[in-house]
Amino acid sequence: DYVERVRTIGIVRKVLLVETEEIPTIWTIINAPPFEDSLRQPIYEAQLRILRALEATTRLDFYVLNVSELPEGEELANIVPSDANLVWER
């Protein structure tokens with residue numbers, strides 16, 4: 001459901017899932033002008049809808065990473081956990 005919501009947002013490039021025993025995390029990789037938080041608003045709204053639909057005992061976390069905000073020379077592969085599973089890619 002989350003992918004269906006964010007795939008129409010032009011800045012979204014990838015959605016990854018990292019499953020751990022503690023808490024699964026959905027990583028949303030975007031490419032947008034640096035530090036333009038207003039462009040992330042539709043992503044945050046999609047996350048909130050998912051969290052509201054979950055049972056109270058279900059834990060889920062989200063992480064949004066803007067590739068244009070990475071430090072010079074830093075690569076996405078060095079930041080995203082190595083056990084991340086690609087769910088969707090533009």
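Because the structure is a prediction, the values reported are computed rather than measured.

*Asks:* Could you give an account of the environment of Ala77, with specific residues and numbers?
*Replies:* Within the element layout of this structure, Ala77 appears in the loop between strand E3 (61-66) and strand E4 (85-89). Taking the C-alpha atoms as reference points, Ala77 and Thr20, 57 residues apart in sequence, are found 18 Å from one another.

*Asks:* Quick one: what's the story with the environment of Asp1, residue by residue and with numbers?
*Replies:* Secondary-structure assignment places Asp1 in the segment before helix H1 (2-6). For the pair Asp1 and Arg49, spaced 48 residues apart in sequence, the C-alpha separation works out to 9.5 Å.

*Asks:* Outline the sheet that holds strand E2 (residues 25-30), supporting the account with residue identities and numerical values.
*Replies:* Judged by pairing direction, the sheet is mixed, and its 4 strands sit side by side in the order E3-E2-E1-E4 without closing on themselves. At either end of the open sheet lies a strand with only one pairing partner, and these are E3 and E4. Pairs of neighbouring strands in the sheet enclose a mean axial angle of 20°, with direction left out of account. Strand direction decides the pairing type here: strand E1 (residues 12-18) and E4, joined by 4 bridges, are antiparallel. When the bridges of E4 are listed, Lys14 appears paired with Glu89. Each of E1, E2 and E3 is contacted by helix H2 (residues 41-53), which is oriented at about 170° to E3, the strand it contacts most.

*Asks:* Give me the lowdown on the packing of aromatic side chains, citing residues and values where you can.
*Replies:* Applying the stated criterion to the full structure yields 2 aromatic pairs. Arranged with centres 5.2 Å apart and planes meeting at 45°, the rings of Tyr2 and Phe62 form a pair that is tilted. Of this pair, Tyr2 sits in helix H1 while Phe62 sits in strand E3, placing them 60 residues apart in sequence. For the residue pair Tyr2 and Phe62, the accessibility class agrees, reading buried in each case. Ring centres of Trp27 and Tyr63 lie 4.4 Å apart, and the angle between their planes is 40°; on these two criteria the pair is classed as tilted. Linking Trp27 in strand E2 with Tyr63 in strand E3, this pair joins segments that are 36 residues apart in sequence.

*Asks:* Can you explain the pattern of salt bridges? Please cite residues and give values.
*Replies:* Side chains that differ in sign of charge can pair as their charged atoms come close. Counted by the stated rule, this structure contains 5 salt bridges. Arg7 is the partner of Glu4 in a salt bridge, and the nearest nitrogen-oxygen pair spans 3.2 Å. Across the pair Glu69 and Arg40 runs a salt bridge whose closest N-O atoms are separated by 3.1 Å. Of the two residues, Glu69 sits in the loop between E3 and E4 while Arg40 sits in the loop between E2 and H2, which places them 29 residues apart along the sequence. With relative accessibility at 24%, the residue Glu69 sits in the partly exposed group. With a relative accessible area of 8%, Arg40 lands in the buried category. In the salt-bridge network here, residues are joined through shared partners; they are Asp37, Arg40 and Glu69.

Reading the values: the criteria
- Residues numbered from 1 in each chain as written.
- Predicted model: local features only at pLDDT ≥ 70, side-chain atom pairs only at ≥ 80, totals over all residues.
- Heavy atoms only, no water.
- Helix = DSSP H or I, 4+ residues; strand = E, 2+ residues; numbered from the N terminus.
- Pairing = 2+ DSSP bridges.
- Axes fitted to C-alpha atoms, helices over the stretch in contact; angles between N-to-C directions.
- Contact = heavy atoms within 4.5 Å.
- Phe/Tyr/Trp six-rings, centres within 6.5 Å; stacked < 30°, edge-to-face > 60°.
- Buried < 20%, exposed > 50% of the residue type's maximum accessible area, 1.4 Å probe, protein only.
- Salt bridge = Lys/Arg side-chain N within 4 Å of Asp/Glu carboxyl O.

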